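# Notes for the structure review
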Amino acid sequence: MPATRALTIKAGEADLDCLLIGEPSPEKPVLVLLHEGLGSIGLWRDFPAQLVAATGLPALVYSRQGNGRSSPIPSPRGPEYMHDEAREVLPAVLRAFRIDRPLLIGHSDGGSIALLHAGSFPGVACGVIAIAPHLFVEELTIDSIRGAKVAYESSDLRNRLARHHTDVDNAFYRWNDIWLHPDFRDWNIEDAVARIRCPVLAIQGLDDEYGTIRQLDRLAERLPECQLETLPACGHSPHRDQPAKLLEVCTDFARRLSAR
């Protein structure tokens, strides 16, 4: 197994908690994993290490500001927070690790960020794997996020999330509040997605409580050559619900990219 290093880097005013598995080099792509809205390095579980072992590629995993052991977010987010992450923070992270040709692997919000980055900087990413990405806001998503707020304030959800976040209230409410804000209803990244020029694999669980297959349908309308995979008996987190199948399709995509 390649060496694993925990590091902290500065991106703007924030300290970001990072995990490097293996060593990046110009000769091959680097897997860059971008977590979901309430995710962190730890909440990926062992999926990054399994992907490194299966593909032979190094990986960078980091917790975005507000999540995991990274700095908290000092003020409420605006509707463009994923655009800002894709166009400002992620490029700074890639520069810090001298990663020129990332293979971006994003889950949920992270999938949207990966797509936004690839559309904003055509020619940088060698490929994108978008797992349960959001391209637009669905009523199902809003209903589930409302339900998450109820669960956070009335069940053990807060305690479970606190194991993975230094400031769990900051992580939860900075995510929950903006998704439930009326100004967020018109959020949409389809125009940016249409500018992507690298190969894209998009994966959707058929029982996803935070999004429907319409997300992939709209992606395919903008990118007819993208590869789509649907996973039965799978909710919003395929690395928890269908880890073997997710590893298989991601590994196959990464190997084909590496061979090009």
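Report follows, based on the coordinates. (Residues numbered from 1 in each chain as written. Predicted model: local features only at pLDDT ≥ 70, side-chain atom pairs only at ≥ 80, totals over all residues. Heavy atoms only, no water.)

## Quick notes on the nonpolar core
Core analysis: the largest hydrophobic core is formed by 57 residues, its most contacted members being L115, V128, W175, W179 and L219. With six residues, the top contributor of residues to this core is helix 2 (residues 81–96). Those residues in contact with W179, other than ones at most four positions away along the chain, are Y81, M82, D109, H134, V137, T141, I142, I145 and F184. (Core = buried A, V, L, I, M, F, W, Y, C linked by side-chain atoms within 4.5 Å. Buried < 20%, exposed > 50% of the residue type's maximum accessible area, 1.4 Å probe, protein only. Helix = DSSP H or I, 4+ residues; strand = E, 2+ residues; numbered from the N terminus. Contact = heavy atoms within 4.5 Å.)

## Brief notes about helix 2
Here helix 2 contains 16 residues, and its C-alpha end-to-end distance of 21 Å stays within 8% of the 22 Å for a straight helix at 1.5 Å per residue. A maximum bend of about 35° is found in helix 2 at V89, where proline P91 lies one to four positions downstream. All of the buried residues in helix 2 are Y81, M82, H83, E85, A86, L90, P91, V93 and L94. Positive backbone phi, at 55°, marks R98, one or two positions downstream of helix 2. (Expected span 1.5 Å × (residues − 1). Bend = angle between axes of the 7 residues up to and from the residue.)

## Topic: the sheet that holds strand 2 (residues 14–21)
Overall, mixed pairing links the eight strands, which are arranged 1-2-4-3-5-6-7-8 in an open sheet. Looking at strand neighbours, the two that pair on one side only are strand 1 (4–11) and strand 8 (227–231), the edges of this open sheet. Neighbour-to-neighbour, the strand axes of this sheet turn through a mean angle of 20°, independent of strand direction. As paired elements, strand 6 (residues 127–131) and strand 7 (residues 200–205) share four bridges and run parallel to each other. By the bridge assignment, A130 is partnered in strand 7 with A202. Its contacts with the sheet place helix 2 against strand 1, strand 2, strand 3 (30–34), strand 4 (59–62) and strand 5 (102–107), and it is angled at close to 130° to strand 4. Against the sheet, helix 3 (residues 109–120) contacts strand 3, strand 5, strand 6 and strand 7, and its axis sits at roughly 145° relative to strand 5. (Pairing = 2+ DSSP bridges. Axes fitted to C-alpha atoms, helices over the stretch in contact; angles between N-to-C directions.)

## Observations regarding the pattern of salt bridges
For the coordinates displayed, the defined rule picks out 14 salt bridges. Close ionic contact of K10 with D15 constitutes a salt bridge, the shortest N to O distance being 3.0 Å. Judged by its relative accessible area of 53%, K10 is exposed. The exposure class assigned to D15 is partly exposed, which follows from its relative accessible area of 33%. Two residues, D252 and R256, come together in a salt bridge whose shortest N-O distance is 3.1 Å. Note that D252 and R256 are positioned in helix 10 (residues 243–259) at a spacing of four residues, about one turn of the helix. Residue classification places D252 among the partly exposed positions, given a relative accessible area of 38%. The network of salt bridges with shared partners includes E139, D143, R146 and R185. (Salt bridge = Lys/Arg side-chain N within 4 Å of Asp/Glu carboxyl O.)

## Brief notes about helix 8 (residues 214–222)
Of all the positions in helix 8, only Q215, L216 and L219 are classed as buried. Projected down its long axis, helix 8 shows its buried positions confined to an angular sector of 90°, all on one face. Close packing links the buried residues of helix 8 with helix 3, helix 7 (190–193), strand 7 and strand 8. (Arc of directions from axis to C-beta.)

## Re the packing of aromatic side chains
One pass over the structure, following the stated rule, counts nine aromatic pairs. Ring plane angle 90° and centroid distance 5.2 Å describe the contact between F172 and Y173, whose orientation is recorded as edge-to-face. In this structure F172 comes out as buried when scored by relative accessible area, which is 0%. With relative accessibility at 21%, the residue Y173 sits in the partly exposed group. (Phe/Tyr/Trp six-rings, centres within 6.5 Å; stacked < 30°, edge-to-face > 60°.)

## Things to note about the side chain of H117
Checked against the element boundaries, H117 lands in helix 3. Its relative accessible area of 1% is what places H117 among the buried residues. In contact with H117, not counting residues within four places along its chain, are A86, L90, P91, L94, L104 and V124.

## Observations concerning unusual backbone geometry
Backbone geometry at S108 places phi at a positive 60°, although glycine is not the residue there. Note on placement: S108 falls in the loop between strand 5 and helix 3. In this model, A233 sits at a positive phi of 50°, which is unusual for a non-glycine residue. Relative to the elements of secondary structure, A233 occurs in the loop between strand 8 and helix 9 (238–241).

Nothing here speaks to function; it is geometry throughout.
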